[in-house]
Amino acid sequence: MNCLITGGAGFIGSHLAELFLARGARVSVIDNLSTGRVANIAHLLDNPNFHFARADITDEVVLDRLASQCDLIVHLAAAVGVKLIVEHPVHTIETNVMGTEAVLKAALRYRCRVLIASTSEVYGKGSRIPFREDDDVLLGATRHSRWAYAASKMVDEFLGLAYQREYDLPVTLFRLFNTVGPRQTGRYGMVIPRLVKQALRNEPLTVYGDGTQRRCFCDVRDAIRAIAGLAEHPEVSGQVFNIGGTEETTIQGLAERVLAITASSARIIHIPYSEAYAPGFEDMLRRVPDITRVGALIGWSPSITLDETLASVRDHFRSSPDVDV
Ligand code: UDP
């Protein structure tokens, strides 16, 4: 398999590149290093089956050359994290929509299979537990820029499915739910790297709101197994899949587990959403994936517990203390 991973120097993309290489594939990565890092792929650069191009996905010349050499594109390049989205809404919308359009156009020229990363954010304020792929969605008002991320990813999904229907291009969507693990940075707001780093530095752990909001975290090593399983399956074209964990925790409970696993005596503090993000910020109280569809098709279910993930994030920060969070 010749595979192109957009955003392959990022947290999820770099783990996926490793897995594909281990399974004997040739892997190219295109990444502009806006949020990805060379450090994530440094150990792969000498591998003759690995190729890295530092470029924007909207660089048509580079993207065309890479697409012409591959049979599968996994499109992960995107604006990442709620914090970045609230702070840079123009960048978010443009990166997500124009990037996906560029990838689909290149894929169409060479008839590559395409897997596009989407997000649980597209379920918006839906209150159904768990979220199923075909559920209706309810987003907040457009004056709250946090919903721009969900809307931009929904456009990506519509566009991908439209290429599949109109041009018979094999396109598959997967919606990631709170993927976590080593190499994730807290610079863009993600809770686990932030709390673990705070605990290791004996700084107060910042829990937003009252901490009763819940999430199901999924270890990146589980998530990439699901992505690879979909990539290798012959009958996923035109379909949408949730990929996420099933172990639910409150953010307050998460902070307590982080303290235990790092043996830290730091305090937990509560910060109002209006201070953490922006006035009027709307958080989701619960977000649980229904993973029946992906499980039935490729026999996947998550296998790594939250405590195991927290321990590996802790060890990652201990072994690379300079990582900026
Ligand atoms: N959060 C928190 N403290 C932080 C960062 C995030 O309490 O320092 C909360 C955030 O408000 C949300 C949850 O943790 O309720 C997960 O946030 P993250 O950005 O990791 O993912 P999201 O679920 O928002 O996409």
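Values in this document were obtained by computation on a predicted structure and should not be read as measured data.

Peer 1: How do you make sense of the overall build of the protein chain when you look at a structure like this?
Peer 2: Within the protein chain, the regular secondary structure consists of 11 helices and 13 strands. For the protein chain, the C-alpha atoms occupy an extent of roughly 55 × 45 × 40 Å along the three principal directions. Counting only residues that meet the buried cut, the protein chain has 54% of its 325 residues in that class. Accessible surface, the protein chain as shown: approximately 13700 Å² in total, 50% of it carbon and sulfur.

Peer 1: How do you make sense of helix 2 (residues 60-68) when you look at a structure like this?
Peer 2: An α-helical segment advances 3.6 residues per turn. Residues three or four places apart therefore align on the same side. Val-62, Leu-63, Leu-66 and Ala-67 are the residues of helix 2 that are buried. All buried residues of helix 2 fall inside an arc of 125 degrees around its axis, so they share one side. Residues of helix 2 that are exposed and point more than 90 degrees away from the buried face comprise Glu-60 and Val-61. Where helix 2 is buried, its residues touch strand 1 (2-6), strand 2 (26-31), strand 3 (50-54), strand 4 (72-75) and helix 4 (89-110).

Peer 1: Is there a simple way to think about the environment of Phe-174 in this case?
Peer 2: Turning to its location among the elements, Phe-174 is positioned in strand 6 (residues 171-176). Separated by 39 residues in sequence, Phe-174 and Asp-135 place their C-alpha atoms 15 Å apart.

Peer 1: What is the right way to look at the pattern of salt bridges in this model?
Peer 2: Where side chains of opposite charge bring their charged atoms close, a pairing between them can arise. Taken as a whole and assessed by the stated rule, the structure comprises 21 salt bridges. Notably, a salt bridge pairs Asp-290 with Arg-132, separated by 3.0 Å at the nearest N-O pair. In this pair, Asp-290 is assigned in the loop between helix 9 (273-276) and helix 10 (292-298) and Arg-132 in the loop between strand 5 (113-119) and helix 5 (146-167), connecting sequence segments 158 residues apart. A relative accessible area of 12% places Asp-290 in the buried class. In this structure Arg-132 comes out as partly exposed when scored by relative accessible area, which is 38%. Salt-bridge contacts for Arg-293 lead to Asp-134; the nearest nitrogen and oxygen are separated by 2.9 Å. You can see Arg-293 sitting in helix 10 and its partner Asp-134 sitting in the loop between strand 5 and helix 5, a full 159 residues away along the chain. On the accessibility criterion, Arg-293 (27% relative accessible area) is partly exposed. The exposure class assigned to Asp-134 is exposed, which follows from its relative accessible area of 64%.

Peer 1: Is there a simple way to think about the site of the ligand in this case?
Peer 2: Close to the ligand lie 16 residues; Arg-194, Thr-206, Tyr-208, Arg-215 and Asp-283 are nearest. Asn-178 is positioned with one of its side-chain polar atoms (N or O) 3.0 Å from an oxygen atom of the ligand. Val-191 is positioned with one of its backbone polar atoms (N or O) 2.9 Å from an oxygen atom of the ligand. Here the ligand, which alone exposes 520 Å², has 94% of that area covered by the protein. Put simply, the parts of the chain that give the shell around the ligand at least two residues each are helix 6 (191-200) and strand 8 (205-208). Here the shell around the ligand takes three residues from strand 8, the largest share from any one element. When its residues are assigned to classes, the shell around the ligand shows eight nonpolar, four polar and four charged.

Peer 1: Is there a simple way to explain the sheet that holds strand 1 in this structure?
Peer 2: In sheet architecture, strand pairing relies on hydrogen bonds along the backbone and comes in two forms, parallel and antiparallel. Spatially, seven strands are ordered 3-2-1-4-5-6-11 in an open sheet, and the strand pairing comes out parallel. At either end of the open sheet lies a strand with only one pairing partner, and these are strand 3 and strand 11 (240-243). In this sheet, adjacent strand axes meet at a mean angle of 20 degrees when their direction is disregarded. Relative to strand 4, strand 1 is paired through four bridges, and the arrangement is parallel. The partner of Leu-4 across the bridge, within strand 4, is Ile-73.

Peer 1: For this particular structure, what's the right way to read the packing of helix 8 (residues 251-262) against helix 11 (residues 306-319)?
Peer 2: Helices that pack against each other are described as a pair by the angle of their axes relative to one another and the distance between those axes. Interaxial distance between helix 8 and helix 11 falls to 10 Å at its minimum, and their mutual angle equals 55 degrees. Considering the angle they form, helix 8 stands oblique to helix 11. The element helix 8 and its partner helix 11 pack so that their crossing is right-handed. When helix 8 is examined against helix 11, the residues Leu-254, Arg-257, Val-258, Ile-261 and Thr-262 are found in contact with a partner set consisting of Leu-306, Asp-307, Leu-310, Ala-311, Arg-314 and Arg-318.

Peer 1: Quick question: what am I supposed to make of the state of the cysteines here?
Peer 2: A covalent bond between the sulfur atoms of two cysteines is what we call a disulfide. Counting across every chain of the model gives zero disulfides. For Cys-3, which is in no disulfide, the shortest distance to another cysteine sulfur is to Cys-70 and amounts to 7.0 Å. In this model Cys-112 remains outside any disulfide bridge; the closest cysteine sulfur is found in Cys-70, 3.9 Å from its own.

Peer 1: Mind showing me how you'd approach the packing of aromatic side chains here?
Peer 2: The geometry of two aromatic rings is summed up by the distance between their centres and the angle between their planes. The tally for this structure, following the rule as stated, stands at five aromatic pairs. Here Tyr-123 and Phe-131 contribute two aromatic rings whose centre-to-centre distance is 4.5 Å and whose plane-to-plane angle is 5 degrees, an arrangement assigned as stacked. We classify Tyr-123 as buried; its relative accessible area is 1%. Geometrically, the ring pair formed by Tyr-273 and Tyr-277 is stacked, given 6.4 Å between the ring centres and 20 degrees between the ring planes. Under the relative-accessibility criterion, Tyr-277 is labelled partly exposed at 23%. Through a chain of ring-to-ring contacts, three or more aromatic side chains come together here, namely Tyr-123, Phe-131 and Phe-177. Over the ring of Trp-147 we find Arg-146, and its NZ or CZ is 5.1 Å from the ring centre.

Calculation rules
- Residues numbered from 1 in each chain as written.
- Predicted model: local features only at pLDDT ≥ 70, side-chain atom pairs only at ≥ 80, totals over all residues.
- Heavy atoms only, no water.
- Helix = DSSP H or I, 4+ residues; strand = E, 2+ residues; numbered from the N terminus.
- Buried < 20%, exposed > 50% of the residue type's maximum accessible area, 1.4 Å probe, protein only.
- Areas by Shrake-Rupley, 256 points an atom, 1.4 Å probe, with all protein chains shown as cover.
- Arc of directions from axis to C-beta.
- Contact = heavy atoms within 4.5 Å.
- Salt bridge = Lys/Arg side-chain N within 4 Å of Asp/Glu carboxyl O.
- Near = heavy atom within 4 Å.
- Polar contact = N/O pair within 3.5 Å; in protein donor to acceptor, adjacent residues only side chain to side chain.
- Nonpolar A, V, L, I, M, F, W, Y, C, P; charged D, E, K, R; others polar.
- Pairing = 2+ DSSP bridges.
- Axes fitted to C-alpha atoms, helices over the stretch in contact; angles between N-to-C directions.
- Parallel < 35°, antiparallel > 145°, perpendicular 65-115°, else oblique.
- Left-handed = near helix turned anticlockwise from the far one by under 90°.
- Disulfide = S-S within 2.5 Å.
- Phe/Tyr/Trp six-rings, centres within 6.5 Å; stacked < 30°, edge-to-face > 60°.
- Lys NZ or Arg CZ within 6 Å of the ring centre and 35° of its normal.

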